[in-house]
Amino acid sequence: MYLNVQNLTKTYGNFYALDNVSIGVESHEFVCLLGPSGCGKTTLLRIIAGLTQSNGGEVRLLGENLVNLPARQRGFGIVFQSYSLFPNMTVAENIGYGLKIRGVLKADIQARITSLLGTIKLPDVAERYPWQLSGGQQQRVALARAIAVDPRLLLLDEPLSALDAKVRGELRTEIRDLQRSLGIPTLMVTHDQEEALTLADRIICMNHGRVEQSGTPEDLYLRPTTRFVADFMGVSNLIETRYVRECLPALLENRPAGEDDAYIACIRPEQITIIADENGKATVRAISFLGNLNRFEVTYPAGRLIVETHGHINVSEGQRVRFEIRPEDCSWVVSGAV
Amino acid sequence: MSAEPSAITTPLSNKHFDVDRAFVMISLTIPVIGLLLFFVYPLAIVFLRSITEADGGLGLGNYAHVLASKGFWRATGHSLHMGLATTAISIGLGFVIAHALHRCAFRGKVLIRAAIALPLLAPSLVQGLGLIFLLGRNGLVNKWFDLGLDIYGFWGLLIANIFYALPQAVMIIGATLTLSDARTYEAAEVMGARPIRQFLDITLPNAKFGVLSAAFVVFTVTITDFGNAAVIGGDYSVLATEIYSQVIGQMNFNMGAVVGIMLLLPTVASYYIERLAQKRQFGSHAENAVPFVPTFTPARDLPMAAASFLIAALIAIVIVVVVYASFVKLWPYNFGMTVKHYDITLAGGYAPLWTTIYISLAAAIGGTVMLFLLGLGIRKAPDAIAKAVYFFSVMPAAVPGMVIGLAYVLTFNSTATPLYLLYGTATLLAVCNFYHYHTQGFLTAMTGFRQVPSALEEAASCLGSSMTRIAIDVVAPYVTPMLISIFFFLFMRSMVTLSAVIFLTTPKMTVASVTIMRLDDAGLTSQAAAYSTCIMLIVGAALMMMKYVFYRMDKRSTLGTVV
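How each quantity is defined
- Residues numbered from 1 in each chain as written.
- Chains lettered and ligands numbered in written order.
- Predicted model: local features only at pLDDT ≥ 70, side-chain atom pairs only at ≥ 80, totals over all residues.
- Heavy atoms only, no water.
- Pairing = 2+ DSSP bridges.
- Helix = DSSP H or I, 4+ residues; strand = E, 2+ residues; numbered from the N terminus.
- Contact = heavy atoms within 4.5 Å.
- Axes fitted to C-alpha atoms, helices over the stretch in contact; angles between N-to-C directions.
- Domains from an automatic or database assignment.
- Buried area = accessible area lost by both parts, 1.4 Å probe.
- Polar contact = N/O pair within 3.5 Å; in protein donor to acceptor, adjacent residues only side chain to side chain.
- Nonpolar A, V, L, I, M, F, W, Y, C, P; charged D, E, K, R; others polar.
- Salt bridge = Lys/Arg side-chain N within 4 Å of Asp/Glu carboxyl O.

Q: Tell me about the sheet that holds strand S1 (residues 3-12) of chain A, and name the residues and values.
A: In any sheet, the strands associate via hydrogen bonds between backbone groups, in a parallel or an antiparallel arrangement. All names here are of chain A. Strand order across the open sheet formed by four strands is S2-S1-S4-S5, with antiparallel pairing between neighbours. Taken across any chain shown, the strands that pair with only one partner, and hence form the sheet edges, are strand S2 (15-25) and strand S5 (64-65). Packing of helix H1 (residues 41-49) onto the sheet brings it into contact with S1, S2 and strand S4 (56-61), and relative to S1 it is tilted by some 120°.

Q: How would you summarise the domain arrangement of chain A if you had to cite specific residues and measurements?
A: Residues and elements named next belong to chain A. Taken domain by domain, chain A holds domain 1 (3-223) and domain 2 (235-334). Each of domain 1 and domain 2 was reduced to a C-alpha centroid, and the two centroids are 39 Å apart. Between domain 1 and domain 2, the residue contacts involve four residues of the former and four residues of the latter. When the two sides are added together, the surface that domain 1 and domain 2 hide from each other amounts to roughly 340 Å², 40% of it contributed by carbon and sulfur. The largest share of the area that domain 1 buries against domain 2 comes from Tyr221, Leu222 and Arg223, three residues that together contribute 96% of it. Inspection of the domain 1/domain 2 interface yields three residue pairs in polar contact (both at pLDDT 80 or more). Residue composition of the side of domain 1 that touches domain 2, grouped by class: three nonpolar, no polar and one charged.

Q: Tell me about the domain arrangement of chain B, and please be specific about residues and values.
A: Residue and element names in this part refer to chain B. Here chain B is described as being made up of domain 1 (13-59 + 343-563) and domain 2 (72-338). Taking only C-alpha atoms, the centre of domain 1 and the centre of domain 2 are 25 Å apart. Buried surface at the junction of domain 1 and domain 2, both sides included, amounts to about 3,400 Å², of which 74% is carbon and sulfur. The largest per-residue losses of area from domain 1 upon contact with domain 2 belong to Ala398, Met402 and Met536, which jointly make up 17% of the total buried on that side. For the pair domain 1 and domain 2, the interface holds zero salt bridges. Between the two partners, domain 1 and domain 2, sit five residue pairs in polar contact (both at pLDDT 80 or more). If you list the elements that add at least two residues to the side of domain 1 that touches domain 2, you get helix H1 (16-50), helix H15 (383-393), helix H16 (401-412), helix H18 (438-450), helix H20 (467-496), helix H21 (512-521) and helix H22 (525-555). The element that contributes the greatest number of residues to the side of domain 1 that touches domain 2 is H22, accounting for twelve residues. Residue composition of the side of domain 1 that touches domain 2, grouped by class: 29 nonpolar, ten polar and five charged.

Here's what the structure looks like:
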C-alpha cells in the first residue's frame, strides 16, 4: 500500500468521529471516501492531511509514519469545497505559492504556472484575482495550486459540492482525466454516490465513523455487503429471508449461513423483471415515466418493490403481475437488525 | 510528472516545527507581559494603596475615613445624579436621531452624521468651553439678553455631558436598528398592523438591548469623564474631580486610591451588564436579513428630521463656536478677526502639541503591532489560555481613565522598582494611552481575525507554509483593514484623551489636552479655544486620511467580502 491508515480513532468527548478505521490508497489510485454527512469522512481526510490530530492509530506513507509530521511538511495537495484561494493574490501567485515557499527559481515557477494554466484550460487568467473568476474557474485554479508542487498525495474535500450541476459534470471529467494522466494517488471525500461511482477506482463507504465496505464501484453497487451500503448506493429492494424461502427459493443459493434475521436479500430495481399475470401475487400501484426508463411501484404480500425498465412494457396501474429475479443479481446484505 | 517525490516535493526540513511553536509563544507572551505589567500590576497597586494606612500598615482605615467624609458622599451623589440625568436625556435624544437616520427618509442625513462625528475630534472639555462662550458670564446670551445666567455647575455640566455622550448613544442604537429584518415588517403589514403598532411591537422590542447597552455606555462615560467636569463643573464636585483634588491638590494618594476603587465599582458593574446586553442583541440577529429601506412618510419623517437637525445643530454649534471664538479679538465685546490667540507662549506653547502627536503615533504604531501579535497568538493558544488572555484584554474598558492614570502615577512615580525610569517620559504616556483604549482595539482586531477563513490557512499549511508565512501571506491581508482602523482609533483617542494622562504629565512633559485645561484655568479661554482648534484640525485630518485610505482600498479591493 502507498498510503496506509491503520486503526485510526478520533473522539470528540463521548462521540466517536472515527472508530478504529483502516484504509489504504495504492500509488496511482483514485479513492473516494463516500458517506452521509457526519460519517467521519472529512475528519479522516483532515487527519491524513495533518490538519486534525487523531486519538490513536497510524498514518503511513511508503512506510513512513506521518503522525508527528505537521501538515506543511507532508507535501500533499489539498482542494476544499470553498475554493479557498488567497484573495489577495492573483491566480498566478496562488498557483505558484507552494513553489515559492519551496524556494524554486522564479523562471521555473513561471514556466510551471503557464503549463498548469494550460492544463486547467484557463490560459488567460494569470493576472486576475480570485473574485473575478466563476466558481468553476476558481476550483480549477485551486486544483492547479494543489498539483503545482507534485504532491505525494492529492486530497479533495467535496471539491464539486459548491458548483452548479453543469459545471460539476465538466469538472468531474477534468479531475478524472487529470488524475489519470498524472497518476497522482488521490483521496476524495464526497457524499454524492454518483460522483463516487464515476470517479473512483475504489470507493470506501463510511457510516458512523466506521468503514462499511470498500471495493470497486461495481462491487459497491452490485454486491453491497451491508444494508447501509445497499441503501446509500442508490435505490435497493430489500426482501426478507422468510419470503425469499417461500416464493423465490432460487435466490437462497448464494445466501451466507445465518439466522433468518441476519441477512436480507438486496436487488436493484433494474434487475427485477415484471410480467403481467392474472394469478401473480403482486400488484402495480404506480407507474412513473422518467424518459429513458419507466419506474413501477409494486406491492407484494411482504412489502413494496421499485422496478425499473428500459422502454415500454405492457402493464398498467392496478394490474396483477409476477416478478422474476435471477439468482446472480441478488446480493445478501447484513440486515443490521441484529 | 509522477507521484514519486521529486526535488521540489521533498518535505521541508523539520526545524520549522519549533519555529512555529516559538512564533506562537512570542506573539502571545509579549502582549501578555505588557498587559500584566502595564494594566494588571498598576491596578493591583491602586488596590494595595487604598488599604495602606498612614502608618504604613494594612487596613480599611482609608475607606472608613472616605466613607465618613461629607465631600465623598456629595461627589458620589452628584456623580450618580449627573450620570442618571445624562443617560436618560441622551438615550431619549439618541433614539430620536438614530431612528431618524435609519428608519426615516429625508435629505441631508450626511449633515447629521457629520455633526455627531464632531465631538469625537476634540477633548471632552471642548463642550464645556463652547458652553462658556455661549452661556457663560461673558457669553453671547448674557450679553444679548442680560439674563445673568450662571452656566457653571449642574446645568452646564449636564448639557456638556449630553452633547459629549449623545453621539455614542446614536451609534450604538443605530447599529441595533440596522440589524432588523425588513421582512418582519412586511409580515406585520400584511397582517394589518398600523405603523405605530409596528414601531411598538417590532422596532422597540428589537432595539431593547441596544438601548440598554447604550444607556450603560453613556452612564459610564459620564461618571468617568473629567474634562467637562473640570472646565464647567464649578462647585459641583463629582467623583472624577474628587480623585483629582485628593491626589493633585492634597497629595493624598491613598485617599485618591480609595475614591478610585469606589469609582471602579459602578463602572465595572455597568461594563459587564453592557457586554451581556450586547451578546443578547447579536444573538437575535438573523443571518440573511433583508435590510429595511424607509420610504418617505411626511407625518413621520418631517417631525423626526426637524428634531434631528435641531439636536445636531446644537451639538455642532457648541463646537463651532470654540473655533470661531479662537479667531475673535475680544469675546464678546470685539468680534473683529485676529490670529493673536494662536500665539501661545504660556504653558509650554506649542511644544505639548508636538509631544502629543509623537505620543499618539507611538501609541498607534506600538498598539497596532501588539494587537496583531496578540490576535495571532490567541488563535493558536490552547483554549484555557486564550480565554484567560481574552478576559484580561477586554478589562481595560471597565476601568475609568482617572483610575488608570492614578494607577500609573502610584506605580511609576515610586522608586521601589526600576519602572520608575519610565516616569515623566513620553513612552509611558504612549503606553498609558494604549492600555487605556486596549479593549476597543482588541475587539476590533478579533473581528478581523475571525474573518480569516480557516480553510485558507489550512490550504497554505498543506502547501508548506510555516506559521510566520501564514501570518504574513494569509492573515495579514485579511486583518489589514482592521489594523488600519485600530491605528487611527488609537491615534485619535491619544490626541484628545485627558483623564488618564492628567496624572502623568510633568512640567517638562505635558500633552495638548492638559495644556487646554491649564490655559482655561489661567483665564485664557480664547487661547484654550485656539489650542482646541489645533487639536481638532489634526484629528479631523487623521479622520479624513482614514476615510481616504479605506476609499482607496475599497476601489482596488481584492478582498471582495472584507471591509
